[in-house]
Amino acid sequence: MNFSRRSLLAVCLAVPALALGPQPAMAAAALPTVDMEAVLKAAQWDPAKADSAVTPGAGPSVKLVETALRKKGLLDPAYEDGHFGTRTVTAYAQWQQQLGYSGLDATGLPGRTSLTRLGEGQFTLTRIVLAGAKVTHQGFPVNDRTLAMLKAAQGRSGRTYVVEQGSYSPGTDPTSAGTHDGGGVLDLDAEALTAAQRTAAVTALRQVGFAAWLRTPAQGDWPLHIHAVAISDPDLSSPAQKQVGAYYEGRNGLANNAADDGPGVPKVTYEEYLRTL
């Protein structure tokens, strides 16, 4: 039987499966995304809250993480609510332990590797936060992110700070209550500064993403100094994480949980600060 070119085209349009052969399967739907920045902020702030309020902008991402934890049998469905409270912190720490982590790597504060593993087949990550490599600054251990933050604060204040205690220093100073065991934490000399310079230093540190306070001898067994915690550093120790939560709740980060006595500065992470430049 003879077919014209026009009749052949009509047949192909009418029965594309026969004309073109077997079709490839539909591409899998794109996975939802988890904002790591938002999850980190919630994991530090939410446990300090008196209620189960959701950290602004973090709810959807936290809920995806909680759903994944629930599917692993680590979190009760009742806590699958977008609030990264103590139950979610505990569940996430158990997930980290299942991956073989321990110590500072299993505090319940999400890191890129554990989040990526948890999200396999369920979500992907955006706005990833990394602590970076460990380096030495003025003879003290810090990580790349903390050092970049310190330099940014120095640039804002026009002054170079003298470091008195660094990060990754477990057992170095018992009065620090474990805050310096992980990354992201610094103590800076304040005795050589005037009162105005101390306020300016704490202000600059807060502006670039530190939870920072001036510590006085009246508050504890220590010399006058500035204590600074890099918000959302993935290597923070558990005590340092609690200080960040206290900062967001307007407290001083000490055992007495008194009101924040530092300068009133909008609370930001380092990544949020960089987006304003």
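A quick note: this is a predicted structure, and the numbers were derived from the prediction, not measured.

**Let's talk about the packing of aromatic side chains**
Here is step 1: Taken as a whole and judged by the stated rule, the model has 5 aromatic pairs.
Here is step 2: Here tryptophan 213 and tyrosine 247 contribute two aromatic rings whose centre-to-centre distance is 5.8 Å and whose plane-to-plane angle is 90°, an arrangement assigned as edge-to-face. Remark: tyrosine 247 occurs in helix α9 (residues 238-248) and tryptophan 213 occurs in strand β7 (residues 210-215); sequence separation between them is 34 residues.
Here is step 3: Between tyrosine 247 and tyrosine 248, the ring centres sit 6.1 Å apart and the planes meet at 65°, which makes this aromatic pair edge-to-face.

**Brief notes about the side chain of threonine 107**
Here is step 1: Inspection of the secondary structure puts threonine 107 in the loop between α5 (86-98) and α6 (112-118).
Here is step 2: There is a polar contact of 3.4 Å between the side chain of threonine 107 and the backbone nitrogen of leucine 109.
Here is step 3: Ignoring sequence-local partners within four residues, the contact set of threonine 107 consists of Val89, Ala93, Gln96, Leu236, Ser238 and Gln241.

**Re the sheet that holds strand β5 (residues 163-165)**
Here is step 1: Taken in spatial order, the 4 strands of this open sheet run β5-β6-β8-β7, and their pairing is antiparallel. Two strands in the sheet have a free side with no partner beyond their single neighbour: β5 and β7. Across the sheet, the axes of successive neighbouring strands diverge by a mean angle of 30°, strand direction being ignored.
Here is step 2: Both strand β6 (residues 185-189) and strand β8 (residues 225-230) contribute to a ladder of 5 bridges, which runs antiparallel. Residue pairing across strands places leucine 186 opposite alanine 228, the latter belonging to β8.
Here is step 3: Contacts from helix α8 (residues 195-207) reach β6, β7 and β8, with the element oriented near 160° to β7.

**Regarding the side chain of serine 114**
Here is step 1: By the element assignment, serine 114 lies in helix α6.
Here is step 2: Of the polar contacts made by the side chain of serine 114, one reaches the side chain of tyrosine 92; its length is 2.7 Å.
Here is step 3: At 3.2 Å, the side chain of serine 114 and the backbone oxygen of glycine 111 are in polar contact.

**Things to note about the nonpolar core**
Here is step 1: Among the nonpolar cores identified, the biggest contains 36 residues, and Val65, Leu69, Phe84, Tyr92, Leu118 and Phe123 are the most heavily contacted of them.
Here is step 2: Of all the elements in the fold, those that place two or more residues in this core are α3 (36-45), α4 (59-71), α5, α6, β7 and α9.
Here is step 3: In terms of nonpolar packing, the next biggest core, distinct from the first, is built from 25 residues, Met149, Ala153, Val202 and Leu224 among them.

**Brief notes about the pattern of salt bridges**
Here is step 1: Per the counting criterion, the structure on display carries 9 salt bridges.
Here is step 2: Across the salt bridge formed by aspartate 35 and arginine 127, the nearest N and O atoms sit 2.6 Å from each other. You can see aspartate 35 sitting in strand β1 (residues 33-35) and its partner arginine 127 sitting in the loop between β2 (124-126) and β3 (134-137), a full 92 residues away along the chain.
Here is step 3: As a salt-bridge pair, glutamate 271 and arginine 145 come within 2.9 Å of each other at their nearest N and O atoms. Here the residue glutamate 271 occupies a position in helix α10 (residues 270-274), and arginine 145 occupies one in helix α7 (residues 144-157), the gap between them amounting to 126 residues. Exposure class is identical for glutamate 271 and arginine 145. Each is buried.

**Quick notes on the confidence of the model for the protein**
Here is step 1: Across the protein, the average pLDDT comes to 91, with 90% of residues at 70 or higher.
Here is step 2: The low-confidence segment residues 1-28 (pLDDT under 50) makes 3 contacts with residues lying over four places distant or belonging to another chain.

Parameters and conventions
Residues numbered from 1 in each chain as written. Predicted model: local features only at pLDDT ≥ 70, side-chain atom pairs only at ≥ 80, totals over all residues. Heavy atoms only, no water. Phe/Tyr/Trp six-rings, centres within 6.5 Å; stacked < 30°, edge-to-face > 60°. Helix = DSSP H or I, 4+ residues; strand = E, 2+ residues; numbered from the N terminus. Polar contact = N/O pair within 3.5 Å; in protein donor to acceptor, adjacent residues only side chain to side chain. Contact = heavy atoms within 4.5 Å. Pairing = 2+ DSSP bridges. Axes fitted to C-alpha atoms, helices over the stretch in contact; angles between N-to-C directions. Core = buried A, V, L, I, M, F, W, Y, C linked by side-chain atoms within 4.5 Å. Buried < 20%, exposed > 50% of the residue type's maximum accessible area, 1.4 Å probe, protein only. Salt bridge = Lys/Arg side-chain N within 4 Å of Asp/Glu carboxyl O. pLDDT = per-residue confidence, 0-100.

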